[in-house]
Amino acid sequence: MGKILRVYSGLIPVVIPLLCLILILNFLPRHSAQILTRENGIIEFFSAVGYFIAAAVALYIALSMKWQTGFSVSLIMLLFGLRELDFHARFTTMGISKIKFYLSPEVGVIEKSIVIVLVILLFTFLYTFLKKHAKGFVNGLKQGVPHIVTACAGVLFLPLSKFLDGGFKWLDEMDQGYRLVFIEESMELAIPYFFIIAMLQFYKSTYGGIKEQSR
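Residues numbered from 1 in each chain as written. Predicted model: local features only at pLDDT ≥ 70, side-chain atom pairs only at ≥ 80, totals over all residues. Heavy atoms only, no water.

Draft legend 1. Spatial organisation of the overall build of the chain. Of the regular secondary structure elements, the chain holds ten helices and zero strands. Of the regular secondary structure in the chain, the N- to C-terminal order runs α-α-α-α-α-α-α-α-α-α. Classification of the 215 residues of the chain by burial places 36% in the buried group. When the accessible surface of the chain is summed, it comes to about 13500 Å², and 71% of that surface belongs to carbon and sulfur atoms. (Helix = DSSP H or I, 4+ residues; strand = E, 2+ residues; numbered from the N terminus. Buried < 20%, exposed > 50% of the residue type's maximum accessible area, 1.4 Å probe, protein only. Areas by Shrake-Rupley, 256 points an atom, 1.4 Å probe, with all protein chains shown as cover.)

Okay, structure coming up:
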């Protein structure tokens, strides 16, 4: 029992507040809950804040422990945070995550070219990062390494929240589709905090190991 709690200890500080938030949103008046979960609302703001905190934590660990991977993690967290704020939309005609951006005549050739080059560089960076660390991540997950289990929750929530974003027709027909938005936004809020806790777990276990060896 103690081992199980240790392995999943990083999930508890995020999952419990997550469930509480979902319940609160569902019990609030619909209009009030929708204000909190709307685009650029307070929940989305704190999602972005979480990514920026995660970027700072990764950078601190990278510098203090000479953890080279931390610089890449910090950059990824920063990019996620900027994406959460739709930062790119300030410099482009429309959202670059939509196919329409690349096909629309409204977007200039130079703008498209710059974005395509940046997107290719970004995906190359992410592919290189995943290729280098995926095997160690999977092995750590199989072994029940606490910080990897916690980070895995954040990774799994990324596609799951996007899946919920698509909605379910039968809920829309019952005029209950908005409740999925409450779950989706709450899950998106949880993602960066899973990563923060995972990095703190990693720092504690690694730094503790270094201290033990130095004695």
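From this point, the narrative continues.
Draft legend 2. Molecular detail of the nonpolar core. One finds Ile61, Val73, Met77, Phe157, Phe194 and Met199 to be the most contacted residues of the largest nonpolar core, which totals 31 residues. Going through the elements one at a time, α2 (12-27), α4 (42-65), α5 (69-84), α8 (146-165) and α10 (178-214) are the ones with two or more residues in this core. It is α10 that provides the largest number of residues to this core, a total of eleven residues. Among all residues touching Ile61, those that are not within four sequence positions of it are Lys66, Trp67, Met199, Phe202 and Tyr203. Counting five residues, the second-largest nonpolar core is a separate cluster that includes Ala33, Ile43, Phe182 and Leu189. (Core = buried A, V, L, I, M, F, W, Y, C linked by side-chain atoms within 4.5 Å. Contact = heavy atoms within 4.5 Å.)

Draft legend 3. The pattern of salt bridges, seen in detail. The tally for this structure, following the rule as stated, stands at one salt bridge. The residue Glu188 makes a salt bridge to Lys162 at a minimum N-O spacing of 3.5 Å. Taken together, the residues span a long stretch of sequence, with Glu188 in helix α10 and Lys162 in helix α8 at a distance of 26 residues. The class of Glu188 is buried, set by a relative accessible area of 7%. (Salt bridge = Lys/Arg side-chain N within 4 Å of Asp/Glu carboxyl O.)

Draft legend 4. Spatial organisation of a nonpolar patch on the surface. Judged by side-chain polarity, Ile110, Ile114, Val117, Leu118 and Leu121 come together as a nonpolar surface patch covering roughly 510 Å² of accessible area. Along the chain, Val117 falls in helix α7 (residues 109-142). (Patch = residues over 30% accessible without salt bridge, like charges linked within 9 Å, V, L, I, M, F, W, Y side chains within 5 Å.)

Draft legend 5. Focus on the side chain of Thr150. Tracing the backbone shows Thr150 in helix α8. Sequence-distant contacts of Thr150, defined by excluding residues within four places in its chain, comprise Gly10, Leu11, Phe194, Ile197, Ala198 and Gln201.

Draft legend 6. Spatial organisation of the side chain of Glu44. Within the secondary structure, Glu44 is located in helix α4. Of the side chains with opposite charge, Arg83 lies nearest to the buried Glu44, which makes no salt bridge, at 7.2 Å. Polar side-chain contacts of Glu44 include one of 3.2 Å to the backbone nitrogen of Asn40. Not counting chain neighbours up to four residues away, the residues in contact with Glu44 comprise Glu39, Glu84 and Glu185. (Lys, Arg positive; Asp, Glu negative; His and termini not counted. Polar contact = N/O pair within 3.5 Å; in protein donor to acceptor, adjacent residues only side chain to side chain.)

Draft legend 7. Broad picture of the packing of α4 against α5. Relative to each other, α4 and α5 sit at 165 degrees, their axes nearing to 8 Å. Between α4 and α5, the angle falls in the class roughly antiparallel. Considering only the axes of α4 and α5, their crossing is left-handed. Between α4, through Glu44, Ser47, Ala48, Tyr51, Phe52, Ala54, Ala55, Ala58, Leu59, Ala62 and Leu63, and α5, the contact on the second element is made entirely by Gly70, Phe71, Val73, Ser74, Met77, Leu78, Phe80, Gly81, Leu82 and Glu84. Broken down by class, the residue content of the contact of α4 with α5 amounts to 15 nonpolar, four polar and two charged. (Axes fitted to C-alpha atoms, helices over the stretch in contact; angles between N-to-C directions. Parallel < 35°, antiparallel > 145°, perpendicular 65-115°, else oblique. Left-handed = near helix turned anticlockwise from the far one by under 90°. Nonpolar A, V, L, I, M, F, W, Y, C, P; charged D, E, K, R; others polar.)

Draft legend 8. Here's a closer look at the environment of Ile24. Along the chain, Ile24 turns up in helix α2. The partly exposed category is assigned to Ile24, whose relative accessible area is 49%. Along the chain, Ile24 and Phe182 lie 158 residues apart, while their C-alpha atoms are 9.6 Å from each other.

Draft legend 9. Region of the structure containing the environment of Ile12. Relative to the helices and strands, Ile12 is located in helix α2. You can call Ile12 partly exposed: its relative accessible area is 43%. In this structure, the C-alpha to C-alpha distance between Ile12 and Thr150, residues 138 residues apart in sequence, is 9.5 Å.

Draft legend 10. Expanded view of the packing of aromatic side chains. Scanning all chains against the criterion turns up five aromatic pairs. Geometrically, the ring pair formed by Phe45 and Phe46 is edge-to-face, given 5.3 Å between the ring centres and 75 degrees between the ring planes. On the basis of relative accessibility, which here comes to 39%, the residue Phe46 falls in the partly exposed class. Between Trp67 and Phe202 the ring centres are 4.8 Å apart and the planes differ by 40 degrees, which places this aromatic pair in the tilted class. One end of the pair, Trp67, is in the loop between α4 and α5; the other, Phe202, is in helix α10, and 135 residues separate them in sequence. Summarising the burial analysis for this pair, Trp67 and Phe202 share the class buried. (Phe/Tyr/Trp six-rings, centres within 6.5 Å; stacked < 30°, edge-to-face > 60°.)

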